[in-house]
Amino acid sequence: MTEPTALDDTPPRSTAQIHASFPSASFLRRLAAMVYDLLVAVAILMLATGLALILPAVLNHMDVIQLSEDFSAADWLNQTPLFGIYLLSILAAFFCWFWWRSGQTVGMRAWRLKVQQRDGSRLTKKQAMIRVLTCAFGLGNLWVLVDFKNRRAWHDYAANTELVTLSKEANQLYYWKEL
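Residues numbered from 1 in each chain as written. Predicted model: local features only at pLDDT ≥ 70, side-chain atom pairs only at ≥ 80, totals over all residues. Heavy atoms only, no water.

### Things to note about the side chain of Thr-105
Under the convention used in this document: A run of H or I in DSSP becomes a helix once it reaches four residues, and a run of E becomes a strand once it reaches two; helices and strands are each numbered from the N terminus. Note on exposure labels: buried denotes an accessible area under 20% of the residue type's maximum, exposed denotes more than 50%, and partly exposed covers the range between, all computed with a 1.4 Å probe on protein chains only. Any pair of residues with heavy atoms lying within 4.5 Å of one another is described as a contacting pair.
Relative to the elements of secondary structure, Thr-105 occurs in the loop between α6 (81–101) and α7 (106–110). Classification of Thr-105 as buried rests on a relative accessible area of 1%. The contact partners of Thr-105, leaving out residues within four places of it in the chain, are Asp-37, Phe-95, Phe-98 and Trp-99.

### Description of helix α3 (residues 27–52)
Heads up, the condition is: Given the number of residues in a helix, its expected span is that number minus one, multiplied by 1.5 Å.
The end-to-end C-alpha separation of α3 is 35 Å, in line with the 38 Å expected for 26 residues at 1.5 Å each. Within the span of α3, buried status applies to Phe-27, Arg-30, Ala-32, Ala-33, Asp-37, Ala-41, Ala-48 and Ala-52.

### Points about the environment of Ala-93
Among the structural elements, Ala-93 can be located in helix α6. Spatially, the C-alpha atom of Ala-93 lies 8.7 Å from that of Met-129, the residues being 36 residues apart in sequence.

### Remarks on the pairing of strand β2 (residues 161–165)
The two faces of a sheet get side chains in turn, since along a regular strand they alternate between them. Heads up, the condition is: Two strands pair if DSSP finds at least two bridges between them.
With five of its five residues buried, β2 lies for the most part within the structure. Residues Thr-161, Leu-163 and Thr-165 of β2 are buried on one face, and the alternating residues Glu-162 and Val-164, pointing to the opposite face, are buried as well. Alignment of strand β1 (residues 113–117) against β2, held across five bridges, turns out to be antiparallel. Bridging across to β2, Val-115 finds its partner in Leu-163.

### With respect to the packing of aromatic side chains
We apply this condition: Between the rings of Phe, Tyr and Trp (Trp by its six-membered ring), a pair exists once the centres lie within 6.5 Å; its type follows the angle of the planes, with under 30 degrees stacked, over 60 edge-to-face, and the other angles tilted. Geometrically, a lysine NZ or arginine CZ counts as sitting over a ring once it is within 6 Å of the ring centre and also within 35 degrees of the ring normal.
Across all of its chains, the model carries six aromatic pairs by this definition. In textbook terms, an aromatic cluster arises when at least three aromatic residues are bridged by ring pairs, as seen for Phe-94, Phe-95, Phe-98 and Trp-99. The ring centre of Trp-100 lies 5.9 Å from the NZ or CZ of Arg-122, which sits over that ring. Note that Lys-125 overlies the ring of Trp-100, its terminal NZ or CZ placed 4.8 Å from the centroid.

Rendered as structure tokens:
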């Protein structure tokens, strides 16, 4: 009978352990993903604005407000800061959902990037919200140019997360259900 080798003694690695070993994302990859996500964000904001324009139309029809050629539904929406808060909330929900659910937005998936906890597991809802609130509309990524050792952005430090570059094979999986 043969003795088991050292390879037999090593436990199988989990997906989270494998993902924890991927390298940190470079600034240029982050920037490229941001450009992709900007296009998606603009489309989402256009849809959200279209839906928001229904409210003044309904209020005008009910004679709650009076719209005219000089004062349109868009003017009515722009006169209140609530519209801006609504749009920012829509964007925050978009990023939080994708970061929490799969660790990847559309742009991140295209550039094989994934946001994860430092141990390779998925973000919590709290971490996703902290990332959104501290990202400074993407300017936090500039810190990657200074942080040579870890290549982490402000929001990565604040949320205790990291952005990694996945292998082509790892990027083929869509939802990391076991993470």
